[in-house]
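# Structural description and commentary
One-letter residues, chain by chain:
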Amino acid sequence: MNRLLRSSSLALLLTFAGAWAAASAEDEEAGRIVCSGNEPFWRLDAAQGSALLTRPGDAEPFEKTYSGALVSLDWLDPGWVVWRGSAIDDATDVLVATMRAEQCIDSMAGEEGDAFDHRVLLSLPQEPALTGCCRVGLLPEDAAAEAVPDDVPAVKPDTDWSRYLPDLLPALQRCLLDAPVALERVVAAWPMNHGMVGIRAIDEDGAAHDCIASMDGGKIDMFDPAGEAMPGEGEPVFHPVRDQPPAIDSGRLEQVMDGEGALVGWLHYAASEPIEGGRLATDPTAVYEASWVVADIEGIGPIEGTDVSLQFNPLGTLSGHAGCNRISGNAKLGEGVVKIGPLASTKMACADPITDQELRFLDALTRAQAWRLEGGLLYFDTADGAPLLRFAAAE
């Protein structure tokens, strides 16, 4: 009977769409959810406000951004989490992901596969329901982890050794697990010939060691005391996953996820020149915490009365207005570098001057490769420093 009542409660919540606005306000602090399924293959990255659905197995690449709300139904037992929203360019395209708190094993991984913490039913218009597993993390009770943004290797400079971390991670984890001494952190890793990876790690007593392991993580080939310090060593430092993020007095942390969306550790970047509030001028956290209004596009201010604004999400997405149409898409911010696109927009027609401004804005946005915070303003520039966009934080 209790199970029936719980199912009825959930159905009612999904029926009365008007309740979502209030529920999402109460759940404003909810965080990241990563779900995936097989046959067909699909993946959902969701957070409060936006979600990205991809289907790598489709004949044509499929990627769509949704705007919506994440609600935690923690009064039910077991708990439920529901994400509901509509495609940014089609309000009739509604996605609902209903997640139940229970152990879920990836059907393609067999009985030995990693266990996820939620089972999910994904509903899309005029399509069969999709099933799969989720990792539901960074909900309100996880306040310590919630403030830590994700690592974005693809947009980091070549001098940052962690740029190649996704490929090096299996070898790095093998050294951390099976080295003859207890290793506490990794200060550098690099690819080598013949499918091997070099890892410089620090043990619990502060001594440095060099570990060489196969790139697939299959074995350790060598483990010796470390040689001379290497360029870029310790910037950043990788801390393997533990109960809480590492305690740091300065600098910033980034979460490191594996290919399945599971948290495997943290990268710590030491502080250099701080800006207001103790953050660096290239710390993306400050960008995620505000909404941004365009002050000028390549030196020209926006047309009076037009809404040209953006909100950036730690999941690697953006949403906002381009002056005429609403837009959404991918936006990956690293340490001072940015990669934006592809973008999607609604199809409203506007007066020619506003349309021209929108095209200039979108062009500048997709050309941006560098960013910085200065004097409370957000700047997007080309790789060689030519100014493209200047934003002010919305009041």
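Here is a short report on the structure shown in this document. What you see is a predicted model, and the numbers here were worked out from it, not measured in a lab. (Residues numbered from 1 in each chain as written. Predicted model: local features only at pLDDT ≥ 70, side-chain atom pairs only at ≥ 80, totals over all residues. Heavy atoms only, no water.)

## Structural notes on the packing of aromatic side chains
- Tallying each qualifying case throughout the model produces two aromatic pairs.
- Sitting over the face of the ring of Phe116, Arg135 holds its NZ or CZ atom 4.0 Å from the ring centroid.
- Positioned over the ring face of Tyr379 is Arg372, at 4.2 Å from the centre of the ring. (Phe/Tyr/Trp six-rings, centres within 6.5 Å; stacked < 30°, edge-to-face > 60°. Lys NZ or Arg CZ within 6 Å of the ring centre and 35° of its normal.)

## Here we look at the state of the cysteines
- Going through the model one piece at a time under the given rule, you end up with four disulfides.
- Across the disulfide from Cys35 sits Cys134; the S-S distance is 2.0 Å. Residues Cys35 and Cys134 share a disulfide whose torsion about the S-S bond is about 105°; that sign makes it right-handed. With a gap of 99 residues between them, Cys35 in strand 1 (residues 33-37) and Cys134 in strand 8 (residues 130-136) connect regions that are remote in the sequence.
- With a relative accessible area of 0%, Cys35 lands in the buried category.
- A residue is classified by how much of its surface remains accessible, and Cys134, at 0% relative accessible area, is buried.
- Across a sulfur-sulfur distance of 2.0 Å, Cys175 and Cys211 are joined as a disulfide pair. Taking the torsion about the sulfur-sulfur bond, which here is approximately -80°, the covalent link between Cys175 and Cys211 counts as left-handed. One end of the pair, Cys175, is in helix 4 (residues 165-178); the other, Cys211, is in strand 11 (residues 208-214), and 36 residues separate them in sequence. (Disulfide = S-S within 2.5 Å. Helix = DSSP H or I, 4+ residues; strand = E, 2+ residues; numbered from the N terminus. Buried < 20%, exposed > 50% of the residue type's maximum accessible area, 1.4 Å probe, protein only.)

## Notes on the environment of Tyr269
- Relative to the helices and strands, Tyr269 resides in strand 15 (residues 263-269).
- Residue classification places Tyr269 among the buried positions, given a relative accessible area of 1%.
- Counting along the chain gives 34 residues from Tyr269 to Glu235, while the straight-line C-alpha distance between them is 5.9 Å.

## Side note on the pairing of strand 3 (residues 49-55)
- For strand 3, the buried fraction is high: six of the seven residues fall into the buried class.
- One ladder, built from five bridges, connects strand 2 (residues 42-47) with strand 3; its direction is antiparallel. Directly across from Asp45, in strand 3, lies its bridge partner Leu52. (Pairing = 2+ DSSP bridges.)

## What about the sheet that holds strand 17 (residues 308-313)?
- The antiparallel open sheet is built from eight strands, whose spatial order is 20-19-18-17-16-23-22-21. Strands with a single pairing partner mark the edges of an open sheet, and in this sheet they are strand 20 (338-345) and strand 21 (370-374). For this sheet, the mean inter-axis angle between neighbouring strands, taken without regard to orientation, is 30°.
- Where strand 16 (residues 291-297) lies against strand 23 (residues 387-393), five bridges are found, and the strand directions are antiparallel. Bridge pairing in strand 23 links Trp292 to Ala393.
- Against the sheet, helix 6 (residues 352-367) makes contact with strand 16, strand 17, strand 18 (317-322), strand 19 (326-333), strand 20, strand 22 (377-381) and strand 23, and its axis sits at roughly 100° relative to strand 23, the strand it touches most. (Axes fitted to C-alpha atoms, helices over the stretch in contact; angles between N-to-C directions. Contact = heavy atoms within 4.5 Å.)

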